[in-house]
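One letter stands for each residue in the lines below.
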Amino acid sequence: MADLPHADIQGFILRTYAMPVLRVFALKVEQPGAARRFLGKLVSGESDLQLATAIDWTTKPQYCLNVGLTYLGLAALELPASSLGSFPEEFLAGAAARAERVGDTGESSPQHWKGQFASPDLHILLFLFTETEDILEQITRQLRADYSSDGAMSELSLHDGRSLPGSTAHFGYRDGFAQPTIDGGLPPLMPDVLPKAPAGEFLLGYPSQYTDFTYLVPVPPELGRNGSFMAFRILAQDCHGFEQFLTDAAHQTGFDRELIAAKLCGRWRNGVPLSLSPDSADERILLEQRNSFDYVPSDAVPDAFDDHRGYRCPLGSHIRRMNPRNSTVAGNGGLKHRIIRRGLPYGPPYDPANPDDDVERGLLGLFIGVSLKDQFEFLMSDWGNKGNFAPGLRNTRDPIIGDNSMPGATFLIPSKGQKRPIELTGLSNFVTCRGAAYCFLPSATAIRYIANLSVIPATGARD
Ligand code: HEM
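Just so it is clear, the structure is predicted and the values come from calculations on it, not from any experiment. (Residues numbered from 1 in each chain as written. Predicted model: local features only at pLDDT ≥ 70, side-chain atom pairs only at ≥ 80, totals over all residues.)

Details of the packing of helix α8 (residues 239-253) against helix α9 (residues 257-265)
- It is the contact of α8 with α9, at a shortest axis distance of 8 Å, that shows an interaxial angle of 110 degrees. The orientation of α8 relative to α9 falls into the category roughly perpendicular. In this structure, α8 crosses over α9, and the sense of that crossing is right-handed. Seen from α8, the contacting residues are Leu246, Thr247, Ala249 and Ala250; seen from α9, they are Arg257, Ile260 and Ala261.
- Split by residue class, the contact of α8 with α9 holds five nonpolar, one polar and one charged. (Axes fitted to C-alpha atoms, helices over the stretch in contact; angles between N-to-C directions. Helix = DSSP H or I, 4+ residues; strand = E, 2+ residues; numbered from the N terminus. Parallel < 35°, antiparallel > 145°, perpendicular 65-115°, else oblique. Left-handed = near helix turned anticlockwise from the far one by under 90°. Contact = placed C-beta atoms within 7 Å. Nonpolar A, V, L, I, M, F, W, Y, C, P; charged D, E, K, R; others polar.)

Structure representation (structure tokens):
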């Protein structure tokens, strides 16, 4: 088992905080020295506000604070050129430059992003999770005072997320079942039957999911090691369009609309996977049993139903695309592109009685992995927006997060006894990206390293 220094690793990489309130601060570095001091205080113990690490909790804290730095943020903090150049190319380019690759086109393209997310001024993201609204406001006041002190940083925008009743996300699905369990990390919240993910799939400096391969660690090692990367996304959800689609698809097929919802996701809206219960949202399957499944018999679940054709869970459903588990996919990479998901919904619950309320709602999504390219971008481009990785998908896309704006976009429901799958038409883009950032998640040691950088002002470049 990997021996991980939990006190050095940002908490949200290894732990689900299960806190109902989130505020994301998008900040610009104005005074590099003062900004470095602000960051340093978060890990020095000299301020009330401390970075949340993955260290053991005896009592759960009232808030957790985490930090993400964009590439331009690292440059604004005056990291040496040798360090800047040691980060991977997709991180250097940033989310806006990589938008097309992940399907952020049309309404999702950076020109429409809000909160200055497409701006080169986006340098630092702070993620503040709290137990209550009062704590949120109290810590916000403290943070604001600290990051504006000495003109260190200015605020570009704030983004608030709140849990919804019943741990659901918009579209009404219960969330929070599937997460990779990391070797050397914390015990999973839900029993997880899949093999543990090697630490190096989520943390820099450890052997990865590929044999004899470790992702390059940015230099110096105290900067790179125990860090990770994150794609942060503000994803607006068209709840009315989604519900309308379910109604239309139910008319098209004669299926119950809840069955259509389950086929699109791979889980019923209460979280029961189709793989365990193909005909009903069987409440007798307990919450803790709802992640114990596979799509084919495997070492993980030898007695799994052999669903290689997708009769129970369509091959193109959201969760089967995002994690095909042990089913056959191109490159045999079913368990090689896992991702940690954190975040919270934003906006009020959707009220079907008031469908056109003109209020934006969606997800503040944090997608974490050691390689933005091999995890987040791969999921979005190869598995989310292409159909050639598994047999029978044709050129369909993820029905929930894929780009389905082209005419004739379809979703296929394989059906036993029928030669051809049932083909749902009338899909649209139910999710629109409203802002995105690629962040480096530095370890506590890395933040100390950044805080202690001494800059040679004459050239601006140091080694
Ligand atoms: C608003 C946008 C999204 C919605 C509504 C959504 C919805 C869901 C739901 C309901 C689940 C099942 C809950 C669970 O298994 O714990 C799920 C699982 C998952 N989603 Fe999404 N999702 C969204 C965006 C994304 C994005 C952008 C990605 C990829 C970067 C992603 C990757 C995954 C993965 C990996 C799983 C777990 C699959 C598994 O391990 O079985 N999702 N999502």
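Now that the structure has been shown, the text picks up again.
So, the nonpolar core
- Ranked by size, the top nonpolar core spans 132 residues in total, and within it Ile13, Leu125, Leu126 and Cys439 carry the most contacts.
- Three or more residues apiece are contributed to this core by two domains, here domain 1 (6-234 + 436-451) and domain 2 (238-335 + 379-432).
- Residue contacts for Leu126: discarding those within four places in its chain leaves Phe25, Leu27, Leu65, Val67 and Leu143. (Core = buried A, V, L, I, M, F, W, Y, C linked by C-beta atoms within 7 Å. Buried ≥ 20, exposed ≤ 12 C-beta atoms within 10 Å, placed from the backbone. Domains from an automatic or database assignment.)

Some words on the site of the ligand
- The immediate surroundings of the ligand are formed by 27 residues, with Tyr173, Phe177, Ala178, Met322 and Asn323 found nearest.
- Looking at the shell around the ligand, the element that brings in the most residues is strand β7 (residues 362-369), giving four residues.
- Residue composition of the shell around the ligand, grouped by class: 18 nonpolar, six polar and three charged.
- The residue makeup of the shell around the ligand includes at least three contributed by each of domain 1 (6-234 + 436-451) and domain 2 (238-335 + 379-432). (Near = placed C-beta within 6 Å.)

Side note on the environment of Ser108
- With respect to the helices and strands, Ser108 occurs in the loop between α5 (89-97) and β3 (124-130).
- Remark: the alpha-carbon pair of Ser108 and Val431, spanning 323 residues in sequence, is separated by 8.7 Å.
- When sequence neighbours within four positions are dropped, the list of residues in contact with Ser108 reads Thr432 and Cys433.

A few points about the confidence of the model for the protein
- Residues at a pLDDT of 70 or more form 98% of the protein, whose mean pLDDT is 95.
- Below a pLDDT of 50 lies the segment residues 458-463, which in the model reaches seven contacts outside its immediate sequence neighbourhood of four places, other chains included. (pLDDT = per-residue confidence, 0-100.)

Observations concerning the domain arrangement of the protein
- For the protein, the assigned domains read domain 1 (6-234 + 436-451) and domain 2 (238-335 + 379-432).
- Here the C-alpha centroids of domain 1 and domain 2 sit 30 Å apart.
- At the interface, 20 residues of domain 1 touch 26 residues of domain 2.
- In terms of residue class, the side of domain 1 that touches domain 2 is made up of ten nonpolar, six polar and four charged.

Re helix α6 (residues 133-148)
- Look at α6: 22 Å from first C-alpha to last across 16 residues, which is about the 22 Å you get at 1.5 Å a residue.
- Residues Leu136, Ile139, Leu143 and Tyr147 constitute the buried set of α6. The arc that holds the buried residues of α6, viewed along the axis, is 80 degrees, so those residues lie on one side. With respect to the buried face of α6, the exposed residues turned more than 90 degrees away are Asp134, Glu137, Arg141 and Ala145.
- Looking at the buried side of α6, the elements it contacts are β1 (21-29), α2 (32-44), β2 (63-69), β3 and β4 (153-162).
- Positive phi shows up at Asp150, right after α6, with a value of about 60 degrees. (Expected span 1.5 Å × (residues − 1). Arc of directions from axis to C-beta.)

Focus: the packing of α2 against helix α12 (residues 444-451)
- The geometry of α2 relative to α12 is characterised by a closest axis approach of 8 Å and an angle of 145 degrees between their N-to-C directions. When you trace α2 past α12, the crossing you get is left-handed. Contacts between α2 and α12 involve Arg36, Arg37, Leu39, Gly40, Leu42 and Val43 from the first element and Ala444, Ile447, Arg448, Ile450 and Ala451 from the second.
- Here the residues of the contact of α2 with α12 sort into seven nonpolar, one polar and three charged.

Points about α8
- Its 15 residues give α8 an end-to-end C-alpha distance of 21 Å, which sits within 8% of 21 Å, the value for a rise of 1.5 Å per residue.
- Those residues of α8 not exposed but buried are Cys239, Phe242, Phe245, Leu246 and Ala249. Buried positions in α8, seen along its axis, are confined to an arc of 120 degrees and lie on one side of it. Projecting away from the buried face of α8 at angles above 90 degrees are the exposed residues Thr247 and His251.
- One or two steps after α8, the chain reaches Gly254, where phi turns positive at roughly 80 degrees.

Looking at unusual backbone geometry
- Note that the residue after Val219, namely Pro220, is joined by a cis bond; omega there is -5 degrees.
- Take Pro220: it is sitting in the loop between β4 and α7 (221-224).
- Phi angles above zero are rare outside glycine, and Asp212 is one such case at about 55 degrees.
- Note on placement: Asp212 falls in the loop between β4 and α7.
- Residue class for Asp212 comes out exposed when judged on the 6 C-beta atoms lying within 10 Å of it.
- Unusually for a residue other than glycine, Arg325 sits at a positive phi of about 50 degrees.
- With respect to the element layout, Arg325 can be found in the loop between α10 (318-322) and β6 (340-346).

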